[in-house]
Amino acid sequence: VQDRLGLLKQNTHNTVNSLLDETALALAKKVDAKIESGEEIGLLEGIPFGIKDVYMVQGTYTTASSDLLKKYKSAYTATAIQKLLDAGAIPLVKENCDSFGHGSSSENTIFGAVKNAVNPSLVGGGSSGGSAVNVAKGFTVFSIGGDTGGSIRQPAGYNNVFGFKPTYGRISRFGLMAYASSTDCVGPIAKSTEDIRIVLNAMSGKDVKDQTTYQSSSISKESVLNTDAIKTVGYFKNFINNDAISAEIKADFLASIEKIKAKGIEVKELDFFESDTLVSTYYTLAMAETASNLSRLDGTNYGNRIEGDNLKDTYSITRSENFSEESKRRIVGGNQVLSQGFSDEIYLKGLNLRDQIAANFEKDFKEVDIILSPVTPNLPPKIGDSLKDPLAMYLSDAYTVGFSLGQLPTLTIPKGTATGLQISAAKNNDELVLQFANFLN
Ligand code: GLN
């Protein structure tokens, strides 16, 4: 714990929003004493971890990397984090990310752009960039990210580590700052599927404070694939055959497909929605939901209030001055698609497309057991580049957002120089996804 805190203190990759050093050292002492007295300790006891700065942890700064909440301290602790604390894991750091989860590069933050673990001139990925980089650099053993449209899987891929978005509802969202509630998921980033399994088991379960949660069975330790359970693997051919995908990512993906065929598994090409449709459906719904969720941040109950001449001015100045350009773009866009005259035309159409996308997955999972995909069409950009072109940044989410809209369990496994391979299965088949990852390695 001490060594890792020392490394985090240097903040070489802008991954740190605040250090929890006093708490961490006190907790570590307790575990030491327990070990010295010969008491047995649990699997997670004494294991240092990081927390994306969008989770409530009582008494800690919880900024969402924003000016609006830069002085805000949590009044309570998120269920998922509480479960890890109860299991004895030691929180070291609140981690840098795109403000309110809005972004794909971890540059939309008041704490400075997160630097990629492999090549620091590139972005760390987003929005859980600080979390992925901390794991990749060994500053934390695991980190808890948040994934609404790819924010765990994409930075995991950019930094060569594992990142898992479980089935929606497997882990409670209580105490995770809401971005788009219909796809927000809590999940771990770690260096192995074994670590992912342990952390996942500790955090999962029904929670009365989040009515979308369900009771899942825990993932077994052996997690070895019964190859009889896997007959067919599918992939979306339009994700691979298009002009936007980088040659390196395409070659790497096709090599994985050959490897799977060589293991005697049938591989099927599937039809799917075009990237433009996936990205516009996701962003329509995500912007609508975030406009609604963030309306509470007006400086009255929380946040950096800036007084105006009257209440309306106070709201307006507080929000105009404290939200980032990217967050404001989404709030304005979201309010537009929800407003009279537009909602039928745009928002309802988005909901309808989401249902069609989910139905498409259901149909596919009658034919295949696993769907594979690259994590992104592009390699990580240089720091500074994505800020110039928000639309290009949205399009870089083309391969992650569909699985979010389908609420499916989806894992990124690292892939050398490319940006990782995504493994997905039908709802609730989280264990199968992890088993398949072990089988591939
Ligand atoms: N990049 C996507 C977005 O900006 C996903 C972010 C996330 O999953 N929080 O919406």
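These remarks concern the structure in this document. Quick caveat: nothing in here was measured; it's all calculated off a predicted structure.

The interhelical angle for the contact between helix α9 (residues 275-293) and helix α12 (residues 343-367), taken along N-to-C directions, is 125°, at an axis separation of 9 Å. Between α9 and α12, the crossing angle belongs to the class labelled oblique. Like other packed secondary-structure pairs, α9 and α12 cross with a definite hand, here left-handed. Residues Thr 277, Thr 281, Thr 284, Leu 285 and Ala 288 of α9 form the contact with α12, whose participating residues are Ile 346, Tyr 347, Gly 350, Leu 353, Arg 354 and Ile 357. Of the residues contributing to the contact of α9 with α12, the split by class is six nonpolar, four polar and one charged.

So, on to the site of the ligand. Taken together, 14 residues form the shell around the ligand, and within it Gly 101, Ser 104, Thr 148, Gly 149 and Ser 151 come nearest. When its residues are assigned to classes, the shell around the ligand shows two nonpolar, 10 polar and two charged.

So, about helix α8 (residues 247-262). Its 16 residues give α8 an end-to-end C-alpha distance of 23 Å, which sits within 8% of 22 Å, the value for a rise of 1.5 Å per residue. Contacts from the buried residues of α8 go to α7 (237-240), β9 (370-374) and β11 (421-424).

Attention now goes to the pairing of strand β7 (residues 232-236). Here β7 lies mainly inside the structure; four of its five residues are buried. For β7 and strand β8 (residues 266-270), the ladder comprises five bridges, and the chain directions are parallel. Within the sheet, the bridge partner assigned to Gly 234 lies in β8 and is Lys 268. For β7 and β9, the ladder comprises three bridges, and the chain directions are parallel.

Backbone hydrogen bonds hold the strands of a sheet together, and the pairing may be parallel or antiparallel. Read across the sheet, 11 strands follow the order β1-β3-β2-β4-β6-β5-β10-β11-β9-β7-β8 without closing on themselves; strand pairing throughout is mixed. Only two strands of the sheet have a single partner each, and these edge strands are β1 (16-19) and β8. Each strand of the sheet is rotated relative to its neighbour by a mean of 25°, with strand direction disregarded. Each of β1 and β3 (90-95) is contacted by helix α2 (residues 21-36), which is oriented at about 165° to β3, the strand it contacts most. Relative to the sheet, helix α15 (residues 430-440) contacts β9, β10 (410-413) and β11, its axis offset from that of β10 by approximately 20°.

Criteria and cut-off values
Residues numbered from 1 in each chain as written. Predicted model: local features only at pLDDT ≥ 70, side-chain atom pairs only at ≥ 80, totals over all residues. Axes fitted to C-alpha atoms, helices over the stretch in contact; angles between N-to-C directions. Helix = DSSP H or I, 4+ residues; strand = E, 2+ residues; numbered from the N terminus. Parallel < 35°, antiparallel > 145°, perpendicular 65-115°, else oblique. Left-handed = near helix turned anticlockwise from the far one by under 90°. Contact = placed C-beta atoms within 7 Å. Nonpolar A, V, L, I, M, F, W, Y, C, P; charged D, E, K, R; others polar. Near = placed C-beta within 6 Å. Expected span 1.5 Å × (residues − 1). Buried ≥ 20, exposed ≤ 12 C-beta atoms within 10 Å, placed from the backbone. Pairing = 2+ DSSP bridges.

That is the geometry; function is a separate question.
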